[in-house]
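One-letter residues, chain by chain:
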Amino acid sequence: MDVLHRLMSVVEVSQGHAEGRIILSLPSIEVLAEAAAAVNRRGAVLHVLETTVLAWIKQIKGVLRHDPVSDLFGHFGPEPGPLDEIKMWERQLGRLHSILKQLESPVAKDILQNLDSAQSQYSSSFNHVRRDVNKAVQETNRTLKFLTTMRWLFEDFHDTMDPKHMLELFKPMMQVLFLVWQHSVYYHQMDKFHNLLRLLSNEVVHRAISLVGENILREPLQSYSKLKEALRVCAAFRGTYLDFKDKADEQNHENIGIKASGHIVFDKDVWSSCIRPRYGLRTGDTGSTSTLNEDELWTDSPWPPRNAPCFDLLNSFMERCNDVLELVETTRHFRLLADAAEIGGAGSMSLDALVKEIHQKYSQVMKDFFSVVENVLSIDGSQNFERAFFKFRTVVKTLEGKLAQILRISFNQCPTVEAQLRLLEVFEGISGRELVQAHLKDKDEQIVTVFTEELQTVQNMFEANQHNPPRHLNMPPIVSKVIWVTALIDRIKHSMHPFHARLLQELLKKV
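Please read all numbers here as calculations on a predicted model, not as lab measurements.

Reading the values: rules and limits
- Residues numbered from 1 in each chain as written.
- Predicted model: local features only at pLDDT ≥ 70, side-chain atom pairs only at ≥ 80, totals over all residues.
- Heavy atoms only, no water.
- Phe/Tyr/Trp six-rings, centres within 6.5 Å; stacked < 30°, edge-to-face > 60°.
- Helix = DSSP H or I, 4+ residues; strand = E, 2+ residues; numbered from the N terminus.
- Buried < 20%, exposed > 50% of the residue type's maximum accessible area, 1.4 Å probe, protein only.
- Salt bridge = Lys/Arg side-chain N within 4 Å of Asp/Glu carboxyl O.
- Patch = residues over 30% accessible without salt bridge, like charges linked within 9 Å, V, L, I, M, F, W, Y side chains within 5 Å.
- Areas by Shrake-Rupley, 256 points an atom, 1.4 Å probe, with all protein chains shown as cover.
- Contact = heavy atoms within 4.5 Å.
- pLDDT = per-residue confidence, 0-100.

Draft legend 1. Expanded view of the packing of aromatic side chains. Tallied over the full model, the rule gives 19 aromatic pairs. Here Phe157 and Phe170 contribute two aromatic rings whose centre-to-centre distance is 5.5 Å and whose plane-to-plane angle is 50°, an arrangement assigned as tilted. Separated by 13 residues along the polypeptide, Phe157 in helix H7 (residues 121-159) and Phe170 in helix H8 (residues 163-183) bring together distant segments of the chain. Of the two residues examined, Phe157 and Phe170, each falls in the buried class. Aromatic side chains Tyr241 and Trp303 sit 5.5 Å apart centroid to centroid with 20° between the ring planes, which places their arrangement in the stacked category. Remark: Trp303 occurs in the loop between helix H12 (268-271) and helix H13 (312-342) and Tyr241 occurs in helix H11 (residues 220-261); sequence separation between them is 62 residues. Residue Tyr241 is classed as buried on the basis of its relative accessible area of 2%. Chaining the aromatic ring pairs together yields one cluster made of Phe178, Trp181, Phe193, Tyr241, Trp303 and Phe311.

Draft legend 2. Main features of the pattern of salt bridges. Across all of its chains, the model carries 12 salt bridges by this definition. For Arg130, the salt bridge goes to Glu104, with nearest N and O atoms at 2.5 Å. One end of the pair, Arg130, is in helix H7; the other, Glu104, is in the loop between helix H5 (82-103) and helix H6 (106-117), with 26 residues separating them in the sequence. The partner of Lys192 in a salt bridge is Asp191, and the shortest N-O contact between them spans 2.7 Å. Judged by relative accessible area, which is 12%, Lys192 ranks as buried. Given the relative accessible area of 48%, Asp191 is considered partly exposed.

Draft legend 3. Fine view of unusual backbone geometry. Located in the positive-phi region is Gln383, a residue other than glycine, with phi close to 65°. When you line up the elements, Gln383 lands in the loop between helix H14 (349-372) and helix H15 (384-413). Taking the relative accessible area as the measure of exposure, Gln383 reaches 41% and is therefore partly exposed.

Draft legend 4. Layout of a nonpolar patch on the surface. A surface patch of nonpolar side chains, about 220 Å² in accessible area, is lined by Phe462, Val485 and Ile489. Its location among the elements puts Phe462 in helix H18 (residues 441-465). Taking relative accessible area as the criterion, Phe462 reaches 34% and is therefore assigned partly exposed.

Draft legend 5. Here's a closer look at the side chain of Asn202. Locating Asn202 in the fold gives a position in helix H10 (residues 190-212). Once residues lying within four places of it in the same chain are set aside, the contact partners of Asn202 are Glu79, Pro80 and Leu313.

Draft legend 6. Local environment of the confidence of the model for the protein chain. With 73% of its residues at a pLDDT of 70 or more, the protein chain shows a mean pLDDT of 78. Predicted confidence is poor over residues 500-505, with pLDDT under 50, and the contacts of this stretch with residues over four places away or in other chains come to four contacts. Low pLDDT (under 50) marks residues 507-511, which in the prediction has eight contacts with non-local residues, meaning those over four places away or in another chain.

Following this line, the structure appears as structure tokens:
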């Protein structure tokens, strides 16, 4: 009979575990009642009941030894968010309520009553475990009360796709987080608070990724602005956090001083809601829990620095965004090479062929890059992106050097400054890259020098003839002056027109 009930218990418990439920297996009361009618079998019946309760104790202690961090990462993956923390605690509360509900069933009450009547040692042990379950329910509810004060902010931040609204949510989010850290004994602990910050920074990264979207290289210009927007959101979160960190560090220093002086006064109305969930956090092998006083709210609990492990994903994502920005910008520049070669922008067929060859090599290195990296914004710790990106940059620098040589040859073939400016305009983007600029520095200075001389010539002409400008036949003096000044202005505009505004600024910086 005992073997049969154990087999049935294992099957029921395994089924509940597969379904994510806690099932306290109950023996067949009809079979036990029939067996208990025989005096010589009452001992076996008691043994079955004790075995059942012992199995309950083991299951319940397993729930009470709940590790929040392991449970969170086990059910929600390596990058959970703050809403997952709330779901995890609600799930745990549901498991505890399920245990209490099953213990209130008539069959469970009858089993425990029979053990009390038989003065079984397991009856007393089970009563202690049941009290621990009731305490765990209370403490889980207290934890959820603190978390639910932030739920609306987390949900609003999770649902929005507006970067401006994201920035508006950071300050109230940090303010409520500061109050939770200040009044919750559980989240005042450094490891628990650091984990909450990790979840929040994970959510910021996930929202930033959603802003960028997929197929980053399909529209480089649009992707470039989206990446900048994602970086701005991450930087705003970091800045807001650091502002509140200064405030928290002052409060933490004050708490340490008050505790050291021994003058801590607790207000029952305030501190009664600041009990730390104890079960599953400092539990020994026996399942007993150690208590924490409100005095622990005055212990040293500084907010972590910006480079702390809890911000690893955020920091890595921001570094990755900067790398992807370079990738997107490089793609935009090199895509223009094919068009430049098609229109003969290099100045000769041989040079255009070299430009096409460079473009083909770049297309090949991009294929090699994406054969290794599927998602450029995925932070998986595999270093695949870093290795592929290093190889990509190495090849790009080689191609840039070859392009710089081609542009130098094209410059020397240009008969006028206007033609040289036109060449820079055709190869806009590539001509502005750092390595190419380094190779063309002397050419840039030459262009600016010629342009400056042209401006000086016009200025000298104006100063020399401003009081006696050239006269036009059949024109009044005033009209002649206007025509002459207009001609000088047109001459300057004609020289300035090939200058792109951005190119002009870059060239003037070199003078």
